[in-house]
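A structural walkthrough
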Amino acid sequence: MKNYRLTLCYDGSRYSGWQKQGNTENTIQYKLEALLSRLLSRETELAGSGRTDAGVHARRQVCSFHADTDMSCSELLAEIRRYLPEDIGAISLEEAEPRFHARLSCRGKTYVYRVWNSPEPNVFERKYVYCTDKTIDLDAMRRAAELLCGEHDFSAFTSAKRMKKSAVRRIESIEISRRGGELRFILTGNGFLYNMVRIIVGTLLEAGAGQRSIASVAEALAAKDRELAGFTAPAKGLTLWDVYY
C-alpha cells in the first residue's frame, strides 16, 4: 500500500465545503473519494490539509491517501483529471513518504481574501470578491492587523461554539494592499480556526470604515469574546492560497 500526495485547486462556489457530510454529497472530499474509490476499485479515504467552508475556493489544497495500484502517478493523475468536474482541478500527484499526512504534516498556510471596494460593478469576478463601496482607510486596517500578528488565543475570532483543543495560533503576517478597486488581504500562519480568516477580515474592514476603534481589536483579542470582534466576511472572497510542509 503506497501513500500519495495529491494537490488540488477548486472553485468552491457550488460546493458545501471541503469536508464530507452526512446530509449531502456535494462536497469536494466526497466527490474525490467517490472518484478514487471507483478508479482504484476499493474504498479510498482522503485526508485534507484542512477544511474550507462552503463557498470558499482553493488555489492549492493538499490531500493524502493510501492506495494499492499498478498505475503510475502520471497515469492515475490523468484518470483523475479525466473524470473530475471542471471546477475541481488536479494539479499534481506524487508518491509520498509513508508517514506523510496532509493535515498532521502541515506546518502553515496562506489565505487570500479579496474585497471589491468600488461603486463600479465587478461583473466578471463577482463570485470571488466581497463587494463594499464604503470608504476604507488602509492605514487604520494595517495598524489593527499588527495587533493580531504573533501567537495569541483567537477565541474571539472563530465561529466554533465549543473548542475541544487550544485556540492558540500564530499569525506570521497580514498584508493589506489595494490594486485599483480591489483590496487584498494576505494572511499567513501556522493554522486557522473555523471562520478565523473571515472574522479577522470583517473586523479589519470595520476598523478601516471607522466603525470600530483600533483599540477595540486588541480588546476583543484579550477578552476572547466572539461578540466583541467584527462580522464574518462572506465565504466567496476567500481562497486557500498555499499550504506549507
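Cut-offs and rules
Residues numbered from 1 in each chain as written. Predicted model: local features only at pLDDT ≥ 70, side-chain atom pairs only at ≥ 80, totals over all residues. Heavy atoms only, no water. Salt bridge = Lys/Arg side-chain N within 4 Å of Asp/Glu carboxyl O. Buried < 20%, exposed > 50% of the residue type's maximum accessible area, 1.4 Å probe, protein only. Axes fitted to C-alpha atoms, helices over the stretch in contact; angles between N-to-C directions. Helix = DSSP H or I, 4+ residues; strand = E, 2+ residues; numbered from the N terminus. Parallel < 35°, antiparallel > 145°, perpendicular 65-115°, else oblique. Left-handed = near helix turned anticlockwise from the far one by under 90°. Contact = heavy atoms within 4.5 Å. Nonpolar A, V, L, I, M, F, W, Y, C, P; charged D, E, K, R; others polar. Polar contact = N/O pair within 3.5 Å; in protein donor to acceptor, adjacent residues only side chain to side chain.

1. Regarding the pattern of salt bridges
When their charged atoms lie close together, side chains carrying opposite charge are able to pair. By the definition in use, this model includes 13 salt bridges. The closest approach of N and O atoms between Glu-172 and Arg-170, which form a salt bridge, is 3.2 Å. Among the residues examined, Glu-172 registers a relative accessible area of 46% and is labelled partly exposed. One network of salt bridges, in which partners are shared, links Arg-114, Glu-125, Glu-182 and Arg-184.

2. Here's the deal with the packing of helix H1 (residues 28-40) against helix H2 (residues 73-83)
When two helices pack together, their arrangement is given by the angle between the helix axes and the distance between those axes. Between H1 and H2, the least distance of the axes is 11 Å, while the angle of their chain directions is 130°. The orientation of H1 relative to H2 falls into the category oblique. As H1 runs across H2, the sense of the crossing is right-handed. Listed contacts from H2 to Leu-35, Leu-36, Arg-38, Leu-39 and Leu-40 of H1 are Leu-76, Glu-79, Ile-80 and Tyr-83. Grouping the amino acids of the contact of H1 with H2 by side-chain chemistry returns seven nonpolar, no polar and two charged.

3. A short note on the side chain of Glu-33
Among the secondary structure elements, Glu-33 is positioned in helix H1. The buried category is assigned to Glu-33, whose relative accessible area is 8%. Within the local environment of Glu-33, its side chain forms a polar contact with the side chain of Lys-20, the two groups lying 2.9 Å apart. A polar contact is formed between the side chain of Glu-33 and the backbone nitrogen of Leu-46, at a distance of 2.8 Å.

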